[in-house]
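# Structural overview
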Amino acid sequence: MLFLAMAVAFVAAIILTPLVIKFAFRIGAVDHPNYRKVHASVMPRIGGVAIFGAFFIGYLLLRPEDDLVNATGILVGAFIIIITGFLDDMLEITAKAKMFGQLIAAIIVITWGGLQIDYINLPFYGQFDFGYLSIPITIIWIIGITNAINLIDGLDGLAAGVSTIALISITVMAVIMGNVFVVATAAILAASSLGFLFYNFHPAKIFMGDTGALFLGYMIAVLALLGFKNIAVVSLVIPIIMLGVPISDTFFAIVRRVRMKQPITAPDKSHLHHCLLRAGFSHRQTVLIIYGLAILFGVAAVLFSQATVWGAIVLIAVMLLAIELFVEVIGLAGTNYRPLLNLVRMIGK
């Protein structure tokens, strides 16, 4: 039945997307070129409506349930996110208004959906209870991942592809951990995103817009928490590894802006995809390289889940070192940010 729901969601995305393209042009939900964007023509930008519609059809067909959460609360939160993204695609609402919509969605999924991180099991010191911090930590996670997906939505097919890879990784991990609800929901959403990619991969016929990026980010954040809440601290790192591409891009964007004394919400052209384009890679090559990085993070997450505590610590150390080197080589945190490379040069002299 799951494969049928996935197939239906995939086909629904392929059918719905052309209809959304026509609808976007009719209501003026289009993206105009500017100095920060790589497209040269007016593009429809509410593709997230097609992703959400396809997912909802597949979800209704299967109706997965979970004893630990209220699925209705998750869907209501998703609907709030869709409305927020749609309003931004139509009216370009303020960052505060978008944040407010995300906050409402996060509160709904916590209070109505029953999702929050209450505690973690530390490897050597027993259980650590978050207490009053459990709700703020959960909210920060949901809003952070939601915006991380939105920030990488800068090239044709980039956010949709990275999200699909992350959802597949979450599905695999949920299979390993026996979480049927997360397996079903993540797989259906991955199929919907993959169907949308037929029209979104370079050269794109439609953008997902904030409608799609915020929805995918929200669902990935929620599904990752559902799969890994209230478990060992080492295992809690798994969703962070899975989402290594958007999280790293967001983290170093903040580092870059702090170093340059700019507001952390200030837009720029120094995200991961911008850096790769400046390095001489084509649009399609850049997207495929980032897909490859996302797959590597997904594989690393699976390996991490099967490792011993010390093996996991070593794997994390190697990953952090590799990420830092990559960031410095491509200039993700700024062209003059090279502490590790400078240290290597000093040692080599």
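The paragraphs below set out a description of the structure included in this document. None of the values given here were measured: they were computed from a predicted structure.

## Brief notes about the environment of Phe130
Along the polypeptide, Phe130 turns up in the loop between β4 (126-129) and α5 (134-151). The sequence separation of Phe130 and Ile117 amounts to 13 residues, and the corresponding C-alpha distance is 7.7 Å.

## Describing the packing of helix α6 (residues 158-177) against helix α13 (residues 283-306)
Taken N-terminus to C-terminus, the directions of α6 and α13 make an angle of 15°; their axes are 9 Å apart at the nearest point. Taken as axis vectors, α6 and α13 run roughly parallel relative to one another. Crossing angle aside, the handedness with which α6 passes α13 is right-handed. On the side of α6, the interface is formed by Leu158, Gly161, Val162, Ile165, Ser169, Val172, Met173 and Ile176, while α13 contributes Val287, Ile290, Tyr291, Ala294, Ile295, Gly298, Ala301, Val302, Ser305 and Gln306. For the contact of α6 with α13, the residue count by class is 13 nonpolar, five polar and no charged.

## Observations regarding α5
A rise of 1.5 Å per residue sets the reference length of α5, with its 18 residues, at 26 Å; its end C-alpha atoms lie 26 Å apart and thus fit the reference within 8%. Residues of α5 that are buried: Ser134, Thr138, Ile139, Trp141, Ile142, Ile143, Ile145, Thr146, Ala148, Ile149 and Asn150.

## Some thoughts on helix α2 (residues 48-62)
Here α2 spans 21 Å end to end across 15 residues, near enough to the 21 Å set by a 1.5 Å rise per residue. Turning to α2, its buried residues are Gly48, Ala50, Ile51, Phe52, Gly53, Ala54, Phe55, Gly58 and Tyr59. Looking at the residues trailing α2, positive phi occurs at Arg63, about 50°.

## Some remarks on unusual backbone geometry
Residue Pro203 follows His202 across a cis peptide bond; omega there is -5°. Among the structural elements, Pro203 can be located in the loop between α7 (180-200) and α8 (209-228). Even without being a glycine, Arg63 presents a positive backbone phi close to 50°. With respect to the helices and strands, the residue Arg63 is situated in the loop between α2 and α3 (71-91). For Arg63, a relative accessible area of 56% gives the class exposed. Within the chain, Glu92 stands out as a residue other than glycine whose phi angle is a positive 50°. Look at Glu92 and you get exposed, because its relative accessible area is 56%.

## Section: the environment of Gly101
Note that Gly101 resides in helix α4 (residues 95-111). Taking relative accessible area as the criterion, Gly101 reaches 6% and is therefore assigned buried. Each C-alpha atom, one on Gly101 and one on Val76, is 12 Å from the other, the two residues being 25 residues apart in sequence. Residues within four places of Gly101 in sequence aside, it is in contact with Ile80 and Thr84.

## Remarks on the packing of aromatic side chains
Here the structure, examined in full by the defined rule, presents seven aromatic pairs. Relative to Tyr291, the ring of Phe201 has its centre 6.3 Å away and its plane inclined at 35°; by these criteria the two rings are tilted. A residue pair is termed long-range when its members are at least 10 positions apart, and Phe201 in the loop between α7 and α8 and Tyr291 in helix α13 qualify at 90 residues. Accessibility expressed as a relative area gives 22% for Phe201, which makes it partly exposed. Overall, Tyr291 belongs to the buried group, its relative accessible area being 12%.

## Here we look at the environment of Asp89
You can see Asp89 is positioned in helix α3. Asp89 sits 197 residues away from Thr286 along the chain, and the two C-alpha atoms are 25 Å apart. In contact with Asp89, other than residues within four places in its own chain, are Ala29, Arg45, Ile46, Met208, Gly209, Asp210 and Thr211.

## Digging into the side chain of Thr164
Position of Thr164 among the secondary structure elements: in helix α6. Under the relative-accessibility criterion, Thr164 is labelled buried at 5%. A polar contact of 2.8 Å, which involves the side chain of Thr164, links it to the side chain of Ser193. With residues up to four places along the chain from it excluded, the contact list for Thr164 reads Ala190, Ser193, Leu194 and Leu197.

Reading guide: rules and limits
Residues numbered from 1 in each chain as written. Predicted model: local features only at pLDDT ≥ 70, side-chain atom pairs only at ≥ 80, totals over all residues. Heavy atoms only, no water. Helix = DSSP H or I, 4+ residues; strand = E, 2+ residues; numbered from the N terminus. Axes fitted to C-alpha atoms, helices over the stretch in contact; angles between N-to-C directions. Parallel < 35°, antiparallel > 145°, perpendicular 65-115°, else oblique. Left-handed = near helix turned anticlockwise from the far one by under 90°. Contact = heavy atoms within 4.5 Å. Nonpolar A, V, L, I, M, F, W, Y, C, P; charged D, E, K, R; others polar. Expected span 1.5 Å × (residues − 1). Buried < 20%, exposed > 50% of the residue type's maximum accessible area, 1.4 Å probe, protein only. Phe/Tyr/Trp six-rings, centres within 6.5 Å; stacked < 30°, edge-to-face > 60°. Polar contact = N/O pair within 3.5 Å; in protein donor to acceptor, adjacent residues only side chain to side chain.

Coordinates in, geometry out; function isn't part of it.
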